[in-house]
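Residues per chain are reported as follows:
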Amino acid sequence: MFNNHVYGIDLGSNMIKIYSQNSNEILKEKNMIAIRNKDTVLAVGDEAYEIYEKNPTNVKVSSPMLNGMIANISHLEIMLQLLLDKTERSVGRHPVIYFAVPVDMTEIEKRAYYSIAQTGRLRKSKVLLVERPIADALALGIPIMRTKGSMIVNIGAATTEISVIADSRVIISKVIPVGGDRLTQDIQNTIRRKLNFSISERTAGRLKLSLANLEKDTKDARKIIGIDCVSGLPRERVITSAAVNEAIVPAVREIITEIRAFLERIPPQIHRVILSEGIYLTGGSTHLPYIDRIVSRQIGCPILLSHYYELCTVYGLKEIITHDALHHWAFIPKKQK
């Protein structure tokens, strides 16, 4: 099998991550596609994101993923093939593609992953699926076959996935619709409501990365350009870290409440192991400063923060691809068996 080109792909809502075994490199780009007049592809990935919120009316820039699931198969097919071109000159005659997927999926949702790799140069590919918590666990170094209870919280862009691994499998998992995108939207809404000042999603995202601080009361500030909601004219305003923190705290509290409620559903013997070992925290939104300390203080147990952040899942796929003993963690969609 490994004479073929082999890829590990994490289709995040915000970023797509692709591991190529041939080049031993990981490509990370925005999960976006820009299309003109419904049929002409102008750009994908980071190039499409550069057009976002600047596009003319005849150009639509969107993500083919929604809440961690495939929303537009045809757009994802195009985007995937063009991004694979960036990893190497050829995808090979019979590429093998490992997709990271949520645990609780319907058979229809599973077949969607098979469908997106069956057109163009990918039409002869073999598709295998890996549950995202398993990939995360492998990247985190969790001994899946021996653990008596390990809890992983992956805070992504659109969703947060909470999972527990025990008895060599994912015994329980839940996806909640709160993630980094919600924090960005809350920053936009708070600034509009309190200051009568409208800012773009891109600007709100930059404020989140530069000013958010969940533990320290800093006096940092940034000067940004937006639209005055009263006059309708562009103007400059200074936004403080206090305003950004006020905006994001409710969503962070919501995630912590869900983690606490999830823990209460776990059998007591596994619950005790998790509280002793600690909870593993990963995903792109864990870049927020001190989020591990806030969660630890509220839940009352150690938090083990992965410094892979949004690359954790794709590093887990890399582990499966490069180690023969781990291949049994991948399964084939029914339509392809």
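Keep in mind that what you see is a predicted model, and the values were worked out from it rather than measured. (Residues numbered from 1 in each chain as written. Predicted model: local features only at pLDDT ≥ 70, side-chain atom pairs only at ≥ 80, totals over all residues. Heavy atoms only, no water.)

## Describing the side chain of Asp10
Put simply, the rule is: The numbering of helices and of strands both runs from the N terminus, where a helix is a DSSP run of H or I of at least 4 residues and a strand a run of E of at least 2. Only protein chains enter the accessibility calculation, which uses a 1.4 Å probe; a residue whose area is less than 20% of its type maximum is buried, one above 50% is exposed, and one in between is partly exposed. In this analysis, two residues are considered to be in contact whenever any of their non-hydrogen atoms come within 4.5 Å of each other.
Considering the arrangement of structural elements, one finds Asp10 in strand 1 (residues 6–11). A relative accessible area of 5% places Asp10 in the buried class. Setting aside anything within four residues of it in sequence, one finds Asp10 in contact with Met15, Ile16, Lys17, Ala100, Arg132, Glu310, Thr313, Val314 and Leu317.

## Details of the sheet that holds strand 12 (residues 160–166)
Here is the rule: Each pair of strands is called paired provided DSSP finds at least two bridges between the two strands. Between the N-to-C directions of two axes lies an angle of 0 to 180 degrees, each axis being a line fitted to C-alpha atoms and, for a helix, fitted only over the stretch in contact.
Sheet architecture is open: five strands sit in the order 13-12-11-17-18, paired in mixed fashion. Every interior strand has two partners, whereas the edge strands, strand 13 (169–176) and strand 18 (303–305), have only one. On average, adjacent strands in this sheet sit at an angle of 20° to one another, irrespective of strand direction.

## Considering the environment of Ala242
Position of Ala242 relative to the elements: it lies in helix 7 (residues 241–264). Put simply, Ala242 and Lys219 are 23 residues apart on the chain and 7.3 Å apart in space, counted from C-alpha to C-alpha.

## Some remarks on the pattern of salt bridges
Side chains that differ in charge, positive against negative, can pair when their charged atoms come close. Just so we agree on the cut-off: We define a salt bridge as a side-chain nitrogen of Lys or Arg found within 4 Å of a carboxyl oxygen belonging to Asp or Glu.
Taken as a whole, this structure holds 14 salt bridges when the rule is applied. Lys110 serves as the salt-bridge partner of Glu107, at 3.5 Å between the closest nitrogen and oxygen. With a gap of three residues between them, Glu107 and Lys110 both fall in helix 3 (residues 107–115), about one helical turn apart. Residue classification places Glu107 among the partly exposed residues on the basis of a relative accessible area of 30%. Accessibility expressed as a relative area gives 17% for Lys110, which makes it buried. In this structure, the salt-bridge partner of Asp228 is Arg235, at a minimum N-O distance of 2.9 Å.

## Some remarks on the nonpolar core
Which entries qualify depends on this criterion: Here, nonpolar core means buried Ala, Val, Leu, Ile, Met, Phe, Trp, Tyr and Cys residues that are tied together by side-chain atoms lying within 4.5 Å of each other.
Among the nonpolar cores identified, the biggest contains 43 residues, and Met151, Ile187, Leu207, Ile259 and Ile279 are the most heavily contacted of them. Of all the elements, helix 7 adds the most residues to this core, at ten residues. Excluding residues that lie within four positions of it along the chain, Leu207 makes contacts with Ile187, Ile191, Ile199, Ala212, Arg222, Ile224, Ile239 and Val244. Among the nonpolar cores identified, the runner-up in size contains 29 residues, and Leu11, Met65, Leu80 and Met105 belong to it.

## Digging into unusual backbone geometry
In the Ramachandran plot, Ser168 falls in the positive-phi region, its phi being about 65° despite a non-glycine side chain. Here Ser168 falls in the partly exposed class, since its relative accessible area comes to 24%. One non-glycine residue, Tyr309, adopts positive backbone phi at about 50°. Checked against the element boundaries, Tyr309 lands in the loop between strand 18 and helix 10 (312–322).

## Focus: the sheet that holds strand 5 (residues 40–44)
The antiparallel open sheet is built from three strands, whose spatial order is 5-4-6. Of all the strands in the sheet, just strand 5 and strand 6 (59–62) have a single pairing partner and so form its edges. This sheet shows a mean twist of 20° between the axes of neighbouring strands, independent of strand direction. The sheet contacts of helix 2 (residues 73–87) involve strand 4 (33–36), strand 5 and strand 6, and relative to strand 5 the element is tilted by about 55°.

## Quick look at the packing of helix 4 (residues 132–140) against helix 10
Filter applied, for reference: If an angle is under 35 degrees, it is roughly parallel; if it is over 145, roughly antiparallel; if it lies from 65 to 115, roughly perpendicular; otherwise it is oblique. Residues are grouped as follows: Ala, Val, Leu, Ile, Met, Phe, Trp, Tyr, Cys and Pro are nonpolar; Asp, Glu, Lys and Arg are charged; all remaining types, including Gly, are polar.
Orientation of helix 4 relative to helix 10, taken along the N-to-C sense of each, is 80°, at an axis distance of 7 Å. It follows from the interaxial angle that helix 4 and helix 10 lie roughly perpendicular. Judged by residue contacts, Arg132, Ala135, Asp136, Leu138, Ala139 and Leu140 of helix 4 engage Cys312, Thr313, Tyr315, Gly316, Leu317, Glu319 and Ile320 from helix 10. Taken together, the residues of the contact of helix 4 with helix 10 sort by class into eight nonpolar, two polar and three charged.

## Some thoughts on the packing of helix 5 (residues 180–195) against helix 6 (residues 201–211)
Where helix 5 contacts helix 6, the axes come no closer than 9 Å and their chain directions differ by 105°. Regarding the angle of helix 5 to helix 6, the classification is roughly perpendicular. In this structure, helix 5 uses Gly180, Leu183, Thr184, Ile187, Gln188 and Ile191 to contact helix 6, whose residues at the interface are Glu201, Ala204, Gly205, Leu207 and Lys208. Looking at side-chain class alone, the contact of helix 5 with helix 6 contains five nonpolar, four polar and two charged residues.

## Quick notes on the packing of aromatic side chains
Spelled out, the test is: For this analysis, a ring pair means two rings from Phe, Tyr or Trp (six-membered ring only for Trp) whose centres lie within 6.5 Å, classed as stacked if their planes differ by under 30 degrees, edge-to-face if by over 60, and tilted for the remaining angles. As a reminder, the over-ring test applies to NZ of lysine and CZ of arginine, requiring each to be within 6 Å of the ring centre and within 35 degrees of the ring normal.
Applying the stated criterion to the full structure yields three aromatic pairs. Taken together, a centroid distance of 4.4 Å and an interplanar angle of 25° make the contact between Tyr308 and Tyr315 stacked. Above the ring of Phe197, the side-chain terminus of Arg237 is found at 6.0 Å from the ring centroid.

## Examining the environment of Lys219
With respect to the element layout, Lys219 can be found in the loop between helix 6 and strand 15 (221–228). The class of Lys219 is exposed, set by a relative accessible area of 79%.

## A few points about the pairing of strand 10 (residues 126–131)
Pairing of strand 9 (residues 96–101) with strand 10, which is carried by six bridges, proceeds in the parallel orientation. Residue Phe99 lies in a different strand from strand 10, and its bridge partner there is Leu129. With two bridges joining them, strand 10 and strand 19 (residues 330–331) adopt antiparallel strand pairing. Its bridge partner lying in strand 19, Leu129 is registered against Phe331.

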